[in-house]
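# Working through the structure, step by step
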Amino acid sequence: MSLKAGIVGLPNVGKSTLFNAITKKHILAANYPFATIDPNVGVVTVPDSRLSFLEELYVPKSTVPTSFEFTDIAGLVKGASKGEGLGNKFLSHIREVDAIVEVVRCFDDENIIHVAGRVDPINDIEVISIELVLADLEIVENRLSKIEKKAQTTKEKDVCLEYATLKKCYDALSENIPIRKIDDFSEDELQVLKGFRFLTAKPIIYVANVSEDDVVLGDNEYTKKVKEYAGDENASVIVMCAKLESEMAELEESDKKNFLAELGIPASGLDRLIFATYHLLGLETFFTAGSDECRAWTFRKGMTARECAGLIHSDIERGFIKAEIMKYTDLETLKSEKSVQEAGKLHLEGKDYLMQDGDIVYFRFNV
């Protein structure tokens, strides 16, 4: 399952530094706008101690964690929806992602230029929000102008549905309300929206980028404002120091844990961001395990056993018979498949079984 999160923000807020930390790649992180012209894409693995346990238990030839992509998109500026600062190109890159990670500058540093001349995280958020709204509004207006007459004169269900859905979007966007904040879409209307890849329909997480001192001390005046703003739209906020995370990315895992312990921080900002983005998209993990391979698989909550089989191979989905399932917690407690089976906790499920996070599965199929 190919999943992407896009990192956005104004120039010089720490996007590329954060991306360096996420992917352990050294891309250009220059102190001037538009240092990043083409989107940088990196694959990040989702930390999961359960996979480590399975690896120790089965000692497989290979271990494959679940993963998704982060795309670093060049800094947006006011007027991006009209092409300012190569904005149209950058906005097109955002349309390709499933979720938006918006980096907001929450630190003072006279040596790092702020495109607006002052640090004001709420203004930064609103600048980007307005540009995304305007970009979506343009698409909605263009489409409505093409189908309005037909929708008013025809009884074609699909045309009328599309018109009603887009009119609802138009009314919200005209009031500077992102599409994701409209909470009364029907299932049919949501299907209509998918085809447009609206920017403001995408779920969002805010990263409050703070100084090295503030990441230890806790919230500052800027992060408090970001959290209050995000709370109004039920969005998450991850407070981290991108510079510190980039430096920690160079350390061995054991050294990183010791460093975090010394700072009194339970988990790195990156791990928290990865988990938050994963769950923002409604994603969960099932496992396949054996002597050949232990592997974590990403699936969307609500997928059936047969659909999840298709994530491994289309033939398995097509020839699906049954799914042998044991819960990770049972295997962790009982220490072996045999013990799980003897305890009556290994069970067979049919094609309509809704997969659960932590299921360890063996698919029976015949093609």
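Residues numbered from 1 in each chain as written. Predicted model: local features only at pLDDT ≥ 70, side-chain atom pairs only at ≥ 80, totals over all residues. Heavy atoms only, no water.

### Here's the deal with the overall build of the chain
Filter applied, for reference: Think of it this way: any DSSP run of H or I at least four residues long counts as a helix, any run of E at least two long counts as a strand, and we number them from the N terminus. Should any heavy atoms of two residues lie within 4.5 Å, those residues are counted as being in contact. All accessible-area figures derive from a Shrake-Rupley calculation using a 1.4 Å probe, and residue coverage is judged against the displayed protein chains alone.
Of regular secondary structure, the chain possesses 15 helices and 12 strands. Sequence-distant contacts, at least 24 apart, represent 70% of the contacts inside the chain between residues at least 6 apart. A total of about 18,400 Å² of accessible surface is found on the chain, and carbon and sulfur atoms cover 48% of it.

### Concerning the packing of helix α5 (residues 157-174) against helix α6 (residues 187-194)
Our working rule: Interaxial angles span 0 to 180 degrees and are taken between N-to-C directions of axes, which are lines fitted to C-alpha atoms, for helices over the stretch in contact. Angular relationships are summarised with four words: roughly parallel below 35 degrees, roughly antiparallel beyond 145, roughly perpendicular across 65 to 115, and oblique for the angles in between. Three categories are distinguished: nonpolar for Ala, Val, Leu, Ile, Met, Phe, Trp, Tyr, Cys and Pro, charged for Asp, Glu, Lys and Arg, and polar for the others, with Gly belonging to the last.
Between α5 and α6, the least distance of the axes is 9 Å, while the angle of their chain directions is 80°. Compared by their axis directions, α5 and α6 come out roughly perpendicular. Here α5 contributes Leu161, Glu162, Thr165, Lys168 and Cys169 to the contact with α6, which in turn contributes Asp188, Glu189, Val192 and Leu193. Broken down by class, the residue content of the contact of α5 with α6 amounts to 4 nonpolar, 1 polar and 4 charged.

### Section: the environment of valine 8
Within the secondary structure layout, valine 8 lies in strand β1 (residues 4-8). Separated by 199 residues in sequence, valine 8 and valine 207 have C-alpha atoms that sit 10.0 Å apart. Among all residues touching valine 8, those that are not within four sequence positions of it are Lys15, Ile73, Ile94, Ile100, Val101, Glu102 and Val103.

### Thoughts on the packing of aromatic side chains
As a reminder of what qualifies: Ring pairs shown here join Phe, Tyr and Trp side chains whose ring centres sit within 6.5 Å, with only the six-membered ring taken for Trp; geometry is labelled stacked below 30 degrees between planes, edge-to-face above 60, and tilted in between. Buried means the residue's accessible area, taken with a 1.4 Å probe over protein chains only, is under 20% of the maximum for its type, while exposed means over 50%, and partly exposed covers the values in between. Over a ring means this: the NZ of a Lys or the CZ of an Arg is within 6 Å of the ring centre and within 35 degrees of the ring normal.
Under the definition given, this model contains 9 aromatic pairs. Arranged with centres 5.3 Å apart and planes meeting at 45°, the rings of phenylalanine 68 and phenylalanine 70 form a pair that is tilted. Of the residues examined, phenylalanine 70 reaches a relative accessible area of 0% and is grouped as buried. Among the aromatic residues, those joined into a ring-pair cluster are Phe286, Trp297, Phe299, Phe320 and Phe363. Its guanidinium or amino end placed over the ring of tryptophan 297, arginine 295 lies 4.1 Å from that ring's centre, counting from NZ or CZ.

### Some remarks on the sheet that holds strand β5 (residues 99-105)
As a reminder of what qualifies: We call two strands paired when DSSP finds no fewer than two bridges between them.
Taken in spatial order, the 6 strands line up as β2-β4-β1-β5-β6-β7 in an open sheet, and their pairing is mixed. In this open sheet, the two strands that pair with only one neighbour each are β2 (40-45) and β7 (236-240). Ignoring which end each strand starts from, the neighbouring axes of this sheet average 25° apart. Two elements, β2 and strand β4 (residues 67-72), share 6 bridges in a ladder whose sense is antiparallel. Within β4, the residue paired with valine 43 across the bridge is glutamate 69. Strands in contact with helix α4 (residues 121-153) are β5 and β6 (204-209); relative to β5, the strand with the most contacts, it is inclined by about 145°. This element, helix α11 (residues 269-280), spans β1, β2, β4, β5, β6 and β7 of the sheet and lies at about 165° to β7.

### Things to note about α11
Under the convention used in this document: Expected helix span is taken as 1.5 Å per residue step, with the number of steps being one fewer than the number of residues.
Its 12 residues give α11 an end-to-end C-alpha distance of 16 Å, which sits within 8% of 16 Å, the value for a rise of 1.5 Å per residue. Residues of α11 that are buried include every one of Gly269, Leu270, Leu273, Ile274, Ala276, Thr277 and Tyr278, and no others. Looking one or two residues beyond α11, the residue adopting positive phi is glycine 282, at roughly 70°.

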